[in-house]
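Structural features, examined
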Amino acid sequence: MSEALRFEILGPQRAWYADRPLDLGPGKQRAVLAVLLLAAGRPVPTGQIVDAVWPEEPPANGPNVVQKYVAGLRRVLEPDRSPRTPAQVLTLTDAGYVLRIPPEAVDAVRFERGVRRARQWQAAGRTEDALAEVTGALERWQGEPFTGFTGAYFDAARHRLVELRAVALETRTELELASGRHGELVGRLVELVAEFPVRERLRHQLMLALHRGGRQAEALAAYRDFADLLREEYGIEPGEALQDLHRRILRSDPSLTLPAPPVSPASPALPATPAPSGPPASSAAPALPGTQASSAPSAPTSVPAPRAGGTPDGTGLPDGSTSAAPEAAAVRPAPAPTPSATGPAPAPGPGPDATPAPVAGPVPPAAPGRVAGPAGPLTPVPHALLVAMNQPADAPADRRAPGWVRLVATLAGTATVLVSFGSLTWAVVLGYALWRRSWRLALAGIGYFLLVFSVFVLAVSSPETEEISDGEALYLIVAMGTCWLLGTAHVVLLNPTLWAAVGGLFWTGRQRTDEQRRLRREQARYLLHHYPAARVELRIGRPDLLRSYDDGGLVDVNAVPDPVLATLPGLTVDQRRQVAVDRWLRGPYGSLEELAGRCQLPPAATETLRDVLLFLPPEPPPVRHS
């Protein structure tokens, strides 16, 4: 019976028995089925189902309600079963309800496996097979999953699947660019950039496709728009790979028009080769979240920042192009693909039909201080980046313009508001809105304008021979006072440096410390993504080891000893013991969802762990030479 069942959750939730569609019943019953499908083949405790389906107001008799919906699902999934016959598809065990179906019966599992096979074939040089596989996987995507289901449980599952789709789209575009199909990619990439505005890899591919199509000005405009977005919203600069492509487009580098066979990020099945001799080139480290970009040059032993998906010798970018600086004779490695929200995920298994897991993250270094590329050398963490990482966690990031420009703008805007007695506040704020491209500031400017306009209308409409009423006088005072005094404060606080200083006055010591630790964790995750060698050099996620680098309290759940697991926040003593025992019995965890499913943790506990846990693949044992 279970072999004939098929389920779709990548879009509208649907199910079939053979070729016959099934009516899955009311919304809550569908939500219960969705929870069971996400853990197909594994027991799900009743309490976890209640927390996932009713995240805000669980029913008083939650287990009985779940039992009612399970009975309805049994009638749907096994219509020919006699009421007195035990259920075969949806059963109850001591650990919870189990949906006994093959993993391939769920379209999300087939989607994940297809993406993984495509990346493995890309790494093996089978470009056409990889392109066909990833295209077939993307065709299974029918829309955003779990539409209408709310709560942390479904939000986390939805985010993971959307992230995997974004990686699949980037992989397909990379393969098509390498095949010379840039002309037909521009329109699709514009839509993808609008859907995923901060994914740098898609911006890189859009700029390259525009440049190869003879649209250099549009490629440069795409870079400028992305740089403005990052500075305005996050206070950071584009990554080194994108900056390098921008410089090469400005120089009309002829090598950009010559596509080379693509190479995917490193796979554990591809061993690293020894690093060639020769002096490596230096490069400035990319800016980190929450820190200022260091202007110090890297040490002579440093090499440029890793670039996504390099060529076999490590010198290329995701499209197969070559390095920007002709004198840079050092080999550049390829970094790992984009990590998940909870940190880098483990690499895919050796077989194409392995159990589904998140997309591979950084490959563990083969030797201390170095990281393996797809078939290239190992790269130490650049010295300039280490300097930046040692800055205070709350160091202000450079915003849209140099400091003196922001200061002049603040003084001019404040003077305009004061001299005009608030009647021109709307113009100053709208000017900032255009400068920063902020719709929030535009709404504020419109609000100031309406206040000034209402005062003008009231003054014009009142006869000169009559005195205004007390209510009208009070309105005039409040309206103009708001535009004058509040507008002055608003314009002053639009300076990000002053805003940060004022905000710091209202923080308690605990809040300031928590914010600094959050920034430290962001920096450490950024560092792990771009320089996986930092895992060994800085011992990120290992509070049990002596180290000089503060990673904000991250914990590598696959590497730390049991005493560290006993300190995980938000878990009971029994839950912490369960995590340690399950890791010892069944091996490392690949994601937070896998950890929650295997250890039967409630959504509230997993949300507490999301900010502190890393899921790095286990480090390989050291090679002993006889």
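As the structure is a prediction and not an experimental result, all values here were calculated from the model. (Residues numbered from 1 in each chain as written. Predicted model: local features only at pLDDT ≥ 70, side-chain atom pairs only at ≥ 80, totals over all residues. Heavy atoms only, no water.)

Some thoughts on helix α21 (residues 592–599)
Note the threshold: Per-residue accessibility, obtained with a 1.4 Å probe over protein chains only, is compared with the maximum for each type, and a residue is labelled buried under 20%, exposed over 50%, and partly exposed between these values. Per the convention used, a helix needs a DSSP run of H or I reaching at least four residues, while a strand needs a run of E reaching at least two, with both numbered from the N terminus. Contact definition: two residues touch when any of their heavy atoms are within 4.5 Å.
Of all eight residues in α21, six are buried, a share of seventy percent or more. Looking only at α21, the buried set comprises Leu-592, Leu-595, Ala-596, Gly-597, Arg-598 and Cys-599. Among the structural elements, α2 (46–53), α20 (573–586), α22 (603–609) and β7 (613–614) are those in contact with the buried residues of α21. Just downstream of α21, Gln-600 is the residue with a positive phi angle, here 55 degrees.

So, the side chain of Arg-598
Heads up, the condition is: Polar contact criterion, stated in full: a pair of N or O atoms within 3.5 Å, where within protein one must be able to donate a hydrogen and the other to accept it, and residues adjacent in sequence count only if both atoms are side-chain atoms.
With respect to the helices and strands, Arg-598 occurs in helix α21. According to the relative accessible area criterion, Arg-598 is buried, its value standing at 9%. Side chain to side chain, Arg-598 and Glu-594 meet in a polar contact 2.8 Å long. Beyond its immediate stretch of four places on either side in the chain, Arg-598 contacts Gln-578, Asp-582, Arg-583, Arg-586, Gly-587, Pro-588 and Tyr-589.

Some details on the environment of Gln-578
If you trace the backbone, Gln-578 turns up in helix α20. Sequence spacing of Gln-578 and Leu-601 is 23 residues, and the spatial spacing of their C-alpha atoms is 9.6 Å.

Remarks on the confidence of the model for the protein chain
The following threshold applies: Values of pLDDT, which run from 0 to 100, indicate the predictor's confidence residue by residue.
When pLDDT is averaged across the protein chain, the result is 74; 72% of the residues are at 70 or more. A low-confidence stretch, residues 259–379 (pLDDT under 50), is modelled with 306 contacts involving residues beyond four sequence positions or located in other chains. Note that pLDDT drops below 50 for residues 391–400; the model gives that stretch 33 contacts with residues more than four away or on any other chain.

Details of the sheet that holds strand β2 (residues 14–17)
We apply this condition: Here, a strand pair is defined by DSSP locating no fewer than two bridges between the strands.
One open sheet holds the three strands; their spatial order is β1-β2-β3, and the pairing between them is antiparallel. Edge positions in the sheet fall to β1 (5–8) and β3 (20–21), since each has one partner strand and no second. Taken together, the two bridges between β2 and β3 define a ladder with antiparallel strand orientation. In the strand pairing of β3, Tyr-17 is matched with Arg-20.

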